[in-house]
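One letter stands for each residue in the lines below.
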Amino acid sequence: MGSSSKKKKEKAQDFKKTKLKVGRAKPKAANFTDTSFKAKSITLKKQSLADSAPSLSSQFSHHLSLLRNRADTQRTESLAYLATVLYSRHPNEALPEPLPVILEKVQPLIVDGSSAVRNNVLKLLKALPRDELARQPSSILLYTHVAMTHLSADIRAFSMEVLEWLLQAIGQEIVSCAGGWVKTLKSFTRLLGWQSQTTGSQGWSMYQQSGVRPGSESKAMIKQMTVLAAFIKAGIAPPAAQDILEAEAAMTSNFPYVDTRQHLLPERSNAFAHLYLFGPPPDEEGEMYQDREERQRIFDMRYLSLIRQGVEQTKKEGGEIGRAAAAIRKAVEEGMRDYIIEES
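Note that this is a predicted model, so its numbers are computed, not measured.

Colleague: Looking at this model, I keep getting lost on the overall build of the protein. Mind explaining?
Modeller: Broken down by element type, the protein carries 14 helices and 2 strands. Summing over all exposed atoms, the protein offers an accessible surface of approximately 22,900 Å²; the carbon and sulfur share of this is 53%.

Colleague: Is there a simple way to think about helix H2 (residues 56-65) in this case?
Modeller: The periodicity of an α-helix, 3.6 residues per turn, causes residues three or four positions apart to be oriented the same way. By the burial criterion, the buried members of H2 are Phe60, His63 and Leu64. In a view along the axis of H2, the buried residues occupy a sector of 105°, so they form one face of it. Buried residues along H2 sit in contact with helix H3 (72-88) and helix H4 (99-106).

Colleague: Sorry if this is basic, but what is going on with the environment of Leu122 here?
Modeller: With respect to the helices and strands, Leu122 occurs in helix H5 (residues 115-127). Here Leu122 falls in the buried class, since its relative accessible area comes to 10%. Separated by 15 residues in the primary sequence, Leu122 and Gln107 place their C-alpha atoms 9.7 Å from one another. Leaving out residues up to four positions away in the same chain, Leu122 has contacts with Phe158, Glu161, Val162 and Trp165.

Colleague: I would appreciate a short explanation of the side chain of Ser176 in the present structure.
Modeller: Structurally, Ser176 can be placed in helix H8 (residues 153-176). By relative accessible area, which is 6% here, Ser176 ends up buried. Side-chain polar atoms of Ser176 contact the backbone oxygen of Gln172, separated by 2.6 Å.

Colleague: I tried to follow the nonpolar core on my own but got confused; where do I start?
Modeller: Considering soluble globular proteins, one finds that nonpolar side chains tend to be buried as a cluster. Among the nonpolar cores identified, the biggest contains 74 residues, and Trp181, Met225, Ile232, Phe299, Ile307 and Ile328 are the most heavily contacted of them. Of all the elements, H8 adds the most residues to this core, at 12 residues. Excluding residues within four positions of it along the chain, Ile307 makes contact with Trp194, Ile232, Phe299, Ile328 and Val332.

Colleague: What should I look at first to understand the environment of Lys233 in this one?
Modeller: Along the chain, Lys233 turns up in helix H10 (residues 215-236). Residue class for Lys233 comes out exposed when judged on its relative accessible area of 53%. C-alpha of Lys233 to C-alpha of Ile328: the two residues are 95 residues apart in sequence and 8.7 Å apart in space.

Colleague: Mind showing me how you'd approach the pattern of salt bridges here?
Modeller: Two side chains of opposite charge can pair, provided their charged atoms sit close to one another. Under the defined criterion, the tally for this structure stands at 6 salt bridges. Asp72 is paired through a salt bridge with Arg75; the nearest N and O atoms lie 2.4 Å apart. Here the residue Asp72 and the residue Arg75 both occupy positions in helix H3, the gap between them amounting to 3 residues, near one helical turn. Given the relative accessible area of 38%, Asp72 is considered partly exposed. Here Lys223 and Glu164 are joined by a salt bridge, their closest N and O atoms 2.5 Å apart. Of the two residues, Lys223 sits in helix H10 while Glu164 sits in helix H8, which places them 59 residues apart along the sequence.

Colleague: Is there a simple way to explain the packing of aromatic side chains in this structure?
Modeller: The description of an aromatic ring pair rests on the distance of the ring centres and on the angle between the ring planes. In the structure shown here, the tally under the stated rule is 3 aromatic pairs. Both rings, one in Trp181 and one in Phe231, keep their centres 5.1 Å apart while their planes meet at 25°; by these two values the pair is stacked. Highlighted residues: Trp181 in the loop between H8 and helix H9 (182-192) and Phe231 in helix H10, separated in sequence by 50 residues. The pair formed by Trp181 and Phe231 is uniform in burial state, with each residue classed as buried.

Colleague: Please explain the environment of Leu64 as it appears in this structure.
Modeller: Tracing the chain through its elements places Leu64 in helix H2. Residue classification places Leu64 among the buried residues on the basis of a relative accessible area of 2%. Setting aside its immediate chain neighbours within four residues, Leu64 contacts Leu82, Glu97, Val101, Ile102, Lys105 and Val106.

Colleague: Looking at this structure, I do not really get the packing of H2 against H3. What am I missing?
Modeller: Geometry of a packed helix pair, given as the angle between the helix axes and the separation of the axes. Where H2 meets H3, the axes come as close as 9 Å, and the angle between the chain directions of the two elements is 145°. In terms of crossing hand, the pair formed by H2 and H3 is left-handed. Between H2 and H3, the residues in contact are Leu56, Gln59, Phe60, His63 and Leu64 and Ser78, Tyr81, Leu82, Val85 and Leu86, respectively. Broken down by class, the residue content of the contact of H2 with H3 amounts to 7 nonpolar, 3 polar and no charged.

Cut-offs applied
Residues numbered from 1 in each chain as written. Predicted model: local features only at pLDDT ≥ 70, side-chain atom pairs only at ≥ 80, totals over all residues. Heavy atoms only, no water. Helix = DSSP H or I, 4+ residues; strand = E, 2+ residues; numbered from the N terminus. Areas by Shrake-Rupley, 256 points an atom, 1.4 Å probe, with all protein chains shown as cover. Buried < 20%, exposed > 50% of the residue type's maximum accessible area, 1.4 Å probe, protein only. Arc of directions from axis to C-beta. Contact = heavy atoms within 4.5 Å. Polar contact = N/O pair within 3.5 Å; in protein donor to acceptor, adjacent residues only side chain to side chain. Core = buried A, V, L, I, M, F, W, Y, C linked by side-chain atoms within 4.5 Å. Salt bridge = Lys/Arg side-chain N within 4 Å of Asp/Glu carboxyl O. Phe/Tyr/Trp six-rings, centres within 6.5 Å; stacked < 30°, edge-to-face > 60°. Axes fitted to C-alpha atoms, helices over the stretch in contact; angles between N-to-C directions. Left-handed = near helix turned anticlockwise from the far one by under 90°. Nonpolar A, V, L, I, M, F, W, Y, C, P; charged D, E, K, R; others polar.

Listed below in structure tokens is the structure:
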């Protein structure tokens, strides 16, 4: 009898509702497992079995290879590391990798879709030595032309920042390299919407007529016209008076050997590239115009009337756009003044 009553109480206990009181903890279940313990471990993200640390050159090459990574953050971090290495090196110290190798991996990122990547590209380019960069103007200008006519407005705006810095750093090399003068002017006319004469048209037109522009488009056009004025000034501006005096002083100091400079070794690499001795000559757009008179001639033939009409049409909008157009007009008039006098 005792055992049967005990079993009845145990069965009834399963269906009995426990009364909870305030301040008392809920009783733990019979199968409760204590999980309050903590496990600690030491993890090394970068493990190496080598006895010595990797050299700076190997790390630099590794981060160059990571510039093709699909992740935006990885490309941004690698560019930041490369720029830090270049900024921290001594001016007389050689680059960890040859400049053509660096430009081959970096310059395609000028048209990268991530703004953080593009900003770090410009920082890295500014860290490169200008004397070595002056020997490779065509390669970096190639992707700048692509960015100037890109579908993305942000990439087009970034191309102006790159070109503006190039003009400040190596302006003469930019306007005199292969494709540096005509192709850049052609990209500017497309960027600004200034069309050349076509069959069945009135000879000149704009993609967007004068009027009220959105704020972002107005700022972008002001930047584009400002850089265009600087580009024209770098290409056809007359030499400064100080440069003329220094040239005359150099000639008189070596009298009677007035042409000594012409018989010295050239200061630029591949000084006879404009002769195209080892290949077919390029078309007019890809040709090198090393002399100011040559740039004036091709500018007068193809772009002078086009840019003048575009400037006059844009000046009607007034404001900052009108002032930017006036800067282009001033650069054109100063650069072509002596050319027009010679032709007349």
